[in-house]
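Structural overview for review
Chain residues, written in single-letter form:
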Amino acid sequence: MLGKKQLISFINLCNLRVLNNYSGKNNSNMSQEITSIHSHGIEDDHEMPMSVILRPLPPQVNNEKVESIMKTLQNANESSKVPPIDVLWIKGREGGDYYYSFGGCHRYEAHKRLSRPTIQAKLVKSAVEDLRHYLGGSTPDLI
Ligand SMILES: Nc1ncnc2c1ncn2[C@@H]1O[C@H](COP(=O)(O)OP(=O)(O)OP(=O)(O)O)[C@@H](O)[C@H]1O
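Procedures and definitions
- Residues numbered from 1 in each chain as written.
- Predicted model: local features only at pLDDT ≥ 70, side-chain atom pairs only at ≥ 80, totals over all residues.
- Heavy atoms only, no water.
- Helix = DSSP H or I, 4+ residues; strand = E, 2+ residues; numbered from the N terminus.
- Buried < 20%, exposed > 50% of the residue type's maximum accessible area, 1.4 Å probe, protein only.
- Pairing = 2+ DSSP bridges.
- Contact = heavy atoms within 4.5 Å.
- Axes fitted to C-alpha atoms, helices over the stretch in contact; angles between N-to-C directions.
- UniProt positions renumbered as here; feature names shortened; annotations may be inferred.

**As for the environment of Leu-142**
- If you trace the backbone, Leu-142 turns up in the segment after helix 5 (128-135).
- Taking relative accessible area as the criterion, Leu-142 reaches 4% and is therefore assigned buried.
- Sequence-wise, Leu-142 and Lys-65 are 77 residues apart; in three dimensions their C-alpha atoms are separated by 34 Å.

This is the structure:
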């Protein structure tokens, strides 16, 4: 279990990674999609890069379930049976974009073990207050 200081450092490290990723050329399409989603204030499904998703809470997974989902994902005829995970999209006070995920542990873990670069995600526009429900006093100051 991470201590409070470690958790904050971890989140800050991840945030740096998010900002770096989003300034990179490879994510230009993603940035455009995000911008258009923001302007409409809606939730929608996206092919999100795994590397930008912040998961500050350690997952507790059932290996059999993860392996079963991996098999489903690897079968082209079955993969659509795995629904998108929910990702909270939060704007920092200086305009930074942060993508937090708390549920969908088994689906996320299955993608990770398959080294999938992206995961289908439902982007849900959220506020820092929503993050506080999960992280309490360890909620970072998002810039
Ligand atoms: N082989 C499979 N095994 C389990 N679930 C599968 C499989 N294939 C598709 N699914 C779907 O994937 C989703 C898994 O959701 P579930 O709530 O069980 O786990 P999770 O959300 O990924 O993890 P957690 O609930 O622990 O955060 C369900 O909608 C389920 O129908």
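So, next bit.
**Some remarks on the sheet that holds strand 3 (residues 85-91)**
- Spatially, 1-5-3-4-2 is the arrangement adopted by the five strands of the open sheet, whose pairing is mixed. Lying at the two open borders of the sheet, with one neighbouring strand each, are strand 1 (44-49) and strand 2 (53-54).
- Two strands pair when backbone bridges link them, and strand 2 and strand 4 (residues 97-100) are joined in this way by two bridges, in the parallel orientation. Within strand 4, the position partnered with Ile-53 by the bridge is Tyr-99.
- Contacts between helix 4 (residues 105-113) and the sheet are confined to strand 2, strand 3 and strand 5 (118-126), with strand 5 contributing the most and set at about 140 degrees to the helix.

**Let's talk about the UniProt feature "domain: ParB-like N-terminal" (unreviewed entry) in the chain**
- Mapped onto this numbering, the UniProt entry gives "domain: ParB-like N-terminal" (unreviewed entry) at residues 46-136.
- In this annotation, residues 46-136 is assigned 32% helix and 29% strand; the end-to-end C-alpha distance for the span is 28 Å.

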